[in-house]
Protein chains: 2
Amino acid sequence: ASDKADHLSSLQKLFSDHYYTVDEQLNRDNFVHSSSPSYGPLGMELRKNILEQWWRSVVMSRPQVLGISTPHGIKSGTVGQGRTLKLVDAEVFSHILNEKKLYMEALQKLPQDFVSMRTSLLQGALEQYVHFVKVVNKKLPFGLAETGLCYQLPEGPPAVPGYPSEVMQASLVWFCSPRTSSQWLDYWARHRLQWWRKFALEPSNFSCSDTEVEEKGNKVARGIRLLYQFPWGAEPLETLYNIGNKELLQTHKGNLSTLQYTGGKKSVVPHVITVNGNIDLGVLAYLHNSLQEVKEGSNRQKQHIRKVLKLHPSLAPFKVAFDMGRRASMELQQVCEGLLQELVQGNISTWPGYWETTSLSTEQLNIRYDKMGVLFTVVINSGTLESGLVHLRSRDTAVKETMHISEIKSFLTKYIAAPENI
Amino acid sequence: ASDKADHLSSLQKLFSDHYYTVDEQLNRDNFVHSSSPSYGPLGMELRKNILEQWWRSVVMSRPQVLGISTPHGIKSGTVGQGRTLKLVDAEVFSHILNEKKLYMEALQKLPQDFVSMRTSLLQGALEQYVHFVKVVNKKLPFGLAETGLCYQLPEGPPAVPGYPSEVMQASLVWFCSPRTSSQWLDYWARHRLQWWRKFALEPSNFSCSDTEVEEKGNKVARGIRLLYQFPWGAEPLETLYNIGNKELLQTHKGNLSTLQYTGGKKSVVPHVITVNGNIDLGVLAYLHNSLQEVKEGSNRQKQHIRKVLKLHPSLAPFKVAFDMGRRASMELQQVCEGLLQELVQGNISTWPGYWETTSLSTEQLNIRYDKMGVLFTVVINSGTLESGLVHLRSRDTAVKETMHISEIKSFLTKYIAAPENI
């Protein structure tokens with residue numbers, strides 16, 4: 001157990017020292033039961049890249065999936081039963097408390113007057129179903145996808161005020177015929193597991209397991225959880241359920257005529273498959289999965305262990321960084337600046353950490369950039385000013401290639417677009 | 001006034017008919033004083049593209065700006081004075097009301113126990129200053145950038161519970177020396193105005209004007225507003241203020257030693273420039289700005305007016321759509337499907353509206369795609385199966401070019417990356 005705690009705390013320190021997170025709150029509780037952390041420049045780019053890949057895989061390449069964006073606060077009366085988070089204007093509150101008369105009555109009415117914050121992206125998609133089933137000419141199956149922040153109630157009894165947590169979720173709500181829903185659940189589970197494994201250094205740490213929802217001892221929904229094996233146990237990154245048509249009917253108050261589609265001979269209400277990913281936990285899983293310890297030095301020499309964050313090329317927050325040596329001249333800095341602008345124009349994210357490169361040696365910089373997961377380091381020195389030649393060091397091979405500065409952009413563009421890297 | 005209302009309602013209908021918004025709530029109130037609307041597939045891609053361009057221009061190409069991501073709920077005691085939105089667990093609330101004793105006391109304490117929802121991205125950046133000023137080795141100026149949803153209090157007196165609004169904001173908080181702060185304010189105003197105009201069809205509709213913050217009759221902050229001239233008046237898309245160091249000191253409770261940086265001979269607390277854009281209003285501005293009425297037909301014929309949504313190539317939600325004619329064969333559909341996958345692999349967003357192309361004529365589809373702002377339509381017909389040739393129709397010129405289906409991806413990649421289109 002102490003091994004695990006050590007493991008976790010050294011991970012935390014590594015990620016906050018290398019701009020993935022801002023404070024050292026990055027731990028299991030943060031991701032699983034509490035708020036997503038404050039991300040630094042690298043963490044937020046990594047999360048953005050994961051979201052973008054999710055979107056490309058689930059939405060962009062599928063004619064049957066449409067992207068939507070719905071409000072975080074839900075006004076409709078369909079939620080509000082049970083325990084919800086309300087967005088309350090603090091002054092309305094104290095205004096009522098200051099009214100001497102009738103305040104009990106006003107207070108009891110109050111929760112109904114306020115917006116409920118979403119705890120998942122399901123409700124927004126269920127509400128939009130009626131609009132989009134017309135858009136697709138009542139042809140099923142189709143899906144509505146959305147990514148965004150959701151709020152989760154604190155654990156523990158409601159008597160203790162706790163902080164609700166924030167989680168970045170990615171959601172697909174898939175509408176299909178009752179007859180095919182079971183097959184679609186399996187289809188999406190397979191698809192999603194493949195997707196998580198595609199960007200992994202150790203795909204076997206990602207797995208799936210069956211789950212179900214029970215209500216009063218009866219199984220009401222079949223589900224599949226996609227898990228990542230952390231050192232402290234498996235955590236669900238994404239959960240899929242076949243929830244039937246009950247919640248769709250509830251949302252639209254049983255208004256059958258707007259819900260039905262023409263499936264085969266008779267009109268039926270579609271069944272709903274929910275696919276819901278926790279992207280903050282996904283960030284932690286990929287960070288953990290990508291950290292490799294590389295042994296260096298021959299047997300005769302003392303062995304040295306180098307830590308490299310081998311994030312997948314399409315997830316790595318920054319593809320390029322610079323090493324222009326200590327005490328770089330103004331001219332060298334201008335060369336770097338020019339190359340930075342060229343790379344950004346070509347949509348290649350470049351770490352602009354000039355402040356480090358002038359105070360660290362090449363070896364120190366390599367160690368640093370490797371732990372940050374930067375794919376390539378461009379080494380520019382005074383020779384570059386004359387010859388135009390630079391070294392390009394690879395994170396994964398530690399090999400340096402010499403090339404002309406004018407070739408870097410096209411080399412990197414090709415590397416990033418190569419089929420094995422996307 | 002009635003002209004304006006007509007103008008607005010026809011815009012609303014156009015945008016909701018063409019998948020930019022879901023309901024017809026897209027109006028001035030929605031964007032300026034109330035929640036951002038529910039976006040359809042096109043609206044959400046447009047907003048995403050605007051945010052991406054903002055990020056590229058403000059963050060990626062500048063070594064001095066770091067991107068961060070902070071929680072939506074603020075726990076610290078630095079906010080909470082004045083009117084704030086609290087995230088309240090409805091059950092904690094009713095639990096307290098059901099306790100017969102001491103509930104008044106518990107109720108009055110309650111607002112302090114809950115998280116305050118952010119109304120802007122300023123607070124998060126001010127809190128992170130202490131961390132990042134060390135990262136940049138205390139070298140000023142530098143900036144912290146973040147994009148995300150913020151919540152705004154309803155207008156009107158607090159006695160009337162109203163719905164708070166949600167706005168997608170893009171924020172840069174720039175820390176600089178007191179001596180240079182006035183110049184930096186002007187620098188960023190100039191830079192931001194140029195950026196808004198860069199993607200505009202009619203740049204002159206974007207302008208700027210001076211503003212200020214007054215407290216008790218004294219001018220406490222100088223500011224500049226970037227405005228868009230809507231038919232119903234000018235609205236601020238982005239606002240810049242020179243807020244000095246007061247709020248930075250407040251956030252860190254006047255802890256001078258952590259705030260100061262070494263500027264010139266003595267240690268000083270930096271001044272803060274805030275640059276804050278309303279991206280939902282930006283979506284509306286670009287939609288309005290890009291809608292062009294093109295006259296067609298020679299003088300002798302009856303003139304016909306065609307509406308084209310000429311969104312900038314880098315903002316257009318979808319670059320390509322298909323026309324495979326009515327009653328397309330299965331083989332043609334497979335050709336489209338294959339091309340769609342190829343384009344998505346090349347990161348070219350493609351409208352997957354198969355359901356329309358089989359029920360509309362080419363002329364109807366052209367009208368539809370022009371109003372959706374799709375840059376190119378690939379016309380595939382039975383001849384394509386034999387020759388491999390397709391027509392590529394341009395939204396902006398209405399001209400059709402013939403090319404081989406294998407050339408489309410590289411043609412579009414080059415078009416999108418051309419300097420005049422980025």
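Predicted model only: the values in this text are computed from it and were never measured. (Residues numbered from 1 in each chain as written. Chains lettered and ligands numbered in written order. Predicted model: local features only at pLDDT ≥ 70, side-chain atom pairs only at ≥ 80, totals over all residues. Heavy atoms only, no water.)

## Side note on the packing of aromatic side chains
- Per the counting criterion, the structure on display carries 44 aromatic pairs over all chains.
- Centre to centre, the rings of W184 of chain A and Y187 of chain A are 5.2 Å apart; their planes meet at 85 degrees, and the pair counts as edge-to-face. Within this pair, W184 of chain A and its partner Y187 of chain A are both found in helix α7 (residues 181-198), separated by three residues, close to a single helical turn.
- Centre to centre, the rings of Y19 of chain B and W351 of chain B are 5.2 Å apart; their planes meet at 25 degrees, and the pair counts as stacked. Highlighted residues: Y19 of chain B in the loop between α1 (2-17) and α2 (28-33) and W351 of chain B in the loop between α11 (330-345) and α12 (354-357), separated in sequence by 332 residues.
- You can call Y19 of chain B buried: its relative accessible area is 7%.
- By way of ring pairs, the aromatic residues W195, W196, F199, F206, Y228, F230, W232 and Y286 of chain A are connected into one cluster. (Phe/Tyr/Trp six-rings, centres within 6.5 Å; stacked < 30°, edge-to-face > 60°. Helix = DSSP H or I, 4+ residues; strand = E, 2+ residues; numbered from the N terminus. Buried < 20%, exposed > 50% of the residue type's maximum accessible area, 1.4 Å probe, protein only.)

## Some points on the state of the cysteines
Residue and element names in this part refer to chain A.
- If you walk through the whole model with that rule in mind, you get zero disulfides over all chains.
- Not engaged in a disulfide, the cysteine C176 finds its nearest cysteine sulfur in C208; these two sulfurs lie 19 Å apart.
- For C176, a relative accessible area of 0% gives the class buried. (Disulfide = S-S within 2.5 Å.)

## Describing the packing of helix α3 (residues 41-60) of chain A against α7 of chain A
Residues and elements named next belong to chain A.
- Contact pair α3 / α7: the axes reach a minimum separation of 12 Å and the direction vectors enclose 140 degrees. Remark: the crossing between α3 and α7 carries right-handed chirality. The segment α3 lies against α7, with I50, Q53, W54, S57 and V58 engaging H191, R192 and W195.
- A class-by-class count of the residues in the contact of α3 with α7 yields four nonpolar, three polar and one charged. (Axes fitted to C-alpha atoms, helices over the stretch in contact; angles between N-to-C directions. Left-handed = near helix turned anticlockwise from the far one by under 90°. Contact = heavy atoms within 4.5 Å. Nonpolar A, V, L, I, M, F, W, Y, C, P; charged D, E, K, R; others polar.)

## What to know about the sheet that holds strand β5 (residues 142-152) of chain B
All names here are of chain B.
- The sheet built from seven strands is open, its strands ordered β1-β5-β6-β12-β9-β8-β7 with mixed pairing. Only two strands of the sheet have a single neighbouring strand rather than two, namely β1 (65-67) and β7 (206-215). Pairwise comparison of adjacent strand axes, ignoring direction, gives a mean angle of 25 degrees for this sheet.
- In this sheet, β5 lies alongside β1 in parallel orientation, the contact comprising three bridges. (Pairing = 2+ DSSP bridges.)

## Examining the environment of E45 of chain B
- One can find E45 of chain B in helix α3 (residues 41-60).
- It is 18 Å that separates the C-alpha atoms of E45 of chain B and L412 of chain B, two residues lying 367 residues apart in sequence.
- E45 of chain B has contacts with W55 and M60 of chain A together with P317 and F318 of chain B, leaving out every residue within four places of it along the chain.

## Re the relation of the copies chain B and chain A
- Expressed as a screw transformation, the operator carrying chain B onto chain A has a rotation angle of 180 degrees and an axial translation of 0.0 Å, and the superposed copies differ by an RMSD of 0.0 Å. Read as a symmetry element, the transformation amounts to a two-fold axis. When C-alpha distances to the rotation axis are compared across chain B, the minimum falls at L87 of chain B, with a value of 2.4 Å.
- Of the interface residues in chain B, 100% have counterparts in chain A that sit at the interface too, so the contact is made through matching surfaces. (Least-squares fit on C-alpha atoms with pLDDT ≥ 70 in both.)

## Digging into the pattern of salt bridges
Residues and elements named next belong to chain A.
- Summed over all chains, the structure comprises 20 salt bridges over all chains.
- Where E146 meets R118, a salt bridge forms, and the shortest distance between an N and an O atom there is 3.3 Å. Taken together, the residues span a long stretch of sequence, with E146 in strand β5 (residues 142-152) and R118 in the loop between β4 (115-117) and α6 (122-135) at a distance of 28 residues.
- What makes R118 buried here is its relative accessible area of 3%.
- Several salt bridges converge on common partners, so that one network encompasses R306, D370 and R393. (Salt bridge = Lys/Arg side-chain N within 4 Å of Asp/Glu carboxyl O.)

## Considerations on the side chain of T70 of chain B
- For T70 of chain B, the position within the fold is in the loop between β1 and β2 (73-74).
- Not counting residues up to four positions away in its chain, the partners in contact with T70 of chain B are S38 of chain A together with R118, G124, Q128 and E146 of chain B.

## Overview of the packing of α3 of chain A against helix α10 (residues 279-290) of chain A
All names here are of chain A.
- Where α3 meets α10, the closest approach of the two axes is 10 Å, and the angle between their N-to-C directions is 110 degrees. By the angle between their directions, the pair α3 and α10 is classed as roughly perpendicular. Facing L46, R47, I50 and L51 of α3, the residues of α10 in contact are I279, D280, G282, V283, Y286 and L287.
- Residues of the contact of α3 with α10, tallied by class, amount to seven nonpolar, one polar and two charged. (Parallel < 35°, antiparallel > 145°, perpendicular 65-115°, else oblique.)

## Some words on the nonpolar core
- F175 and Y286 of chain A together with Y286 of chain B are the most contacted members of the largest nonpolar core, which has 206 residues in total.
- When sequence neighbours within four positions are dropped, the list of residues in contact with Y286 of chain A reads I50, W195, W196, F199, A200, F206, L311 and L315 of chain A. (Core = buried A, V, L, I, M, F, W, Y, C linked by side-chain atoms within 4.5 Å.)

## A short note on the pairing of strand β17 (residues 389-394) of chain A
Residue and element names in this part refer to chain A.
- Here strand β16 (residues 376-379) pairs with β17 via four bridges, running antiparallel. When the bridges of β17 are listed, F376 appears paired with S394.
- The hairpin formed by β17 and strand β18 (residues 400-404) contains five residues between the paired strands, and A398 there has a positive phi angle of roughly 60 degrees.

## Observations regarding helix α6 (residues 122-135) of chain B
All names here are of chain B.
- The terminal C-alpha atoms of α6, which comprises 14 residues, lie 19 Å apart, in line with the 20 Å expected from a rise of 1.5 Å per residue.
- Largest kink in α6: about 50 degrees, centred on Y129.
- With 11 of its 14 residues buried, α6 lies for the most part within the structure.
- Within α6 the residues assigned to the buried category are L122, Q123, G124, A125, L126, Q128, Y129, V130, F132, V133 and V135.
- N137 occupies a position one or two residues after α6 and carries a positive phi of about 55 degrees. (Expected span 1.5 Å × (residues − 1). Bend = angle between axes of the 7 residues up to and from the residue.)

## Let's talk about the interface of chain B and chain A
- Chain B puts 81 residues into the contact, and the matching count from chain A is 81 residues.
- Roughly 7400 Å² is buried in total at the junction of chain B and chain A, and carbon and sulfur atoms are behind 63% of that figure.
- Applying the counting criterion to the chain B and chain A interface returns zero salt bridges.
- For the pair chain B and chain A, the number of links is 15 residue pairs in polar contact (both at pLDDT 80 or more).
- Counting residues per element, the side of chain B that touches chain A draws most heavily on α3 of chain B, which supplies nine residues.
- For the side of chain B that touches chain A, a count of residues per class yields 46 nonpolar, 21 polar and 14 charged. (Buried area = accessible area lost by both parts, 1.4 Å probe. Polar contact = N/O pair within 3.5 Å; in protein donor to acceptor, adjacent residues only side chain to side chain.)

## A closer look at the side chain of H312 of chain B
Residues and elements named next belong to chain B.
- For H312, the location among the structural elements is in the loop between β14 (304-309) and β15 (320-323).
- By relative accessible area, which is 11% here, H312 ends up buried.
- Apart from the residues within four sequence positions on either side, H312 is in contact with K198, F199, E420, N421 and I422.

## With respect to unusual backbone geometry
Residue and element names in this part refer to chain A.
- Following L140, the chain continues into P141 via a peptide bond in cis, with omega recorded as -5 degrees.
- In this fold, P141 is placed in the loop between α6 and β5.
- For A398, which is not a glycine, the phi torsion comes out positive at approximately 60 degrees.
- By the secondary structure assignment, A398 is in the loop between β17 and β18.

All quantities given are derived from atomic positions and should not be read as evidence of function.
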